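Here's the letter readout for the chains.
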Amino acid sequence: MSWIAWALLSAVFAAATAILAKLGVAGVDSNFATAVRTTVVVIFSWLVVYAMRQPGTFQVSSRKTWFFLCLSGMATGLSWLCYFRALQLGPASRVAPLDKLSVLLVIVFATLFLGEKMTWGKALGGLLIAAGAILVSLD
């Protein structure tokens, strides 16, 4: 499958996550709910890695790789903690669009830190995503 197919599947599962998380966070501490979700993600991820393993799967090439994977994990954890708290306090249909402002931030960060080229299409698309997220969240 192409990266586009994987990205679209990711969007479908992210949408399911918002609805399931909203239902699951009702009546429990949002940090506890995040910990439960994270535990499930860890177990599920390791099962997938093991089942789909290729030669060299369990080798990491450098300390730099470990460093950025760990930072990414911490950022993910913080994102999920904030997301679950927002879902506990607000409607999923308004929380999820604001969360997707991350798309605009990724475009900006990729330009600044990864050297990706900013194009008119990326800039306009990012601004439209931001406008749509704000409009939906304020409705």
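Only a predicted model underlies this, so the values are computations on that prediction, with no experimental measurement involved. (Residues numbered from 1 in each chain as written. Predicted model: local features only at pLDDT ≥ 70, side-chain atom pairs only at ≥ 80, totals over all residues. Heavy atoms only, no water.)

## Considerations on the environment of Leu101
Relative to the assigned elements, Leu101 resides in the loop between α4 (92-99) and α5 (102-113). For Leu101, a relative accessible area of 23% corresponds to the partly exposed category. Residues Leu101 and Cys82 lie 19 residues apart in sequence; the distance between their C-alpha atoms is 14 Å. (Helix = DSSP H or I, 4+ residues; strand = E, 2+ residues; numbered from the N terminus. Buried < 20%, exposed > 50% of the residue type's maximum accessible area, 1.4 Å probe, protein only.)

## Quick word on the nonpolar core
In terms of nonpolar packing, the biggest core is built from 10 residues, these being Ala18, Ala21, Val25, Ala33, Tyr83, Phe84, Leu87, Ala92, Val95 and Ala96. Only α1 (3-25), α3 (63-89) and α4 provide two or more residues apiece to this core. Discounting residues that sit within four places of it in the chain, Val95 has contacts with Tyr83, Ala86, Leu87 and Gly90. (Core = buried A, V, L, I, M, F, W, Y, C linked by side-chain atoms within 4.5 Å. Contact = heavy atoms within 4.5 Å.)

## Brief notes about the environment of Lys122
Tracing the sequence through the fold places Lys122 in helix α6 (residues 120-138). Using a relative accessible area of 33% as the deciding quantity, one classes Lys122 as partly exposed. Sequence-wise, Lys122 and Ile107 are 15 residues apart; in three dimensions their C-alpha atoms are separated by 7.1 Å. In contact with Lys122, not counting residues within four places along its chain, are Ile107, Glu116 and Lys117.

## Notes on the packing of aromatic side chains
For the structure shown, the criterion picks out three aromatic pairs. The interplanar angle of 75° and the centroid separation of 5.2 Å between the aromatic rings of Phe67 and Phe68 together place this pair among those described as edge-to-face. A residue is classified by how much of its surface remains accessible, and Phe67, at 48% relative accessible area, is partly exposed. Looking at Phe68, the relative accessible area reads 48%, which means it is partly exposed. Measuring from ring centre to ring centre gives 5.9 Å for Phe109 and Phe113, while their planes differ by 55°; the resulting arrangement is tilted. (Phe/Tyr/Trp six-rings, centres within 6.5 Å; stacked < 30°, edge-to-face > 60°.)

From the geometry alone we can't say anything about function, so treat these as descriptive.
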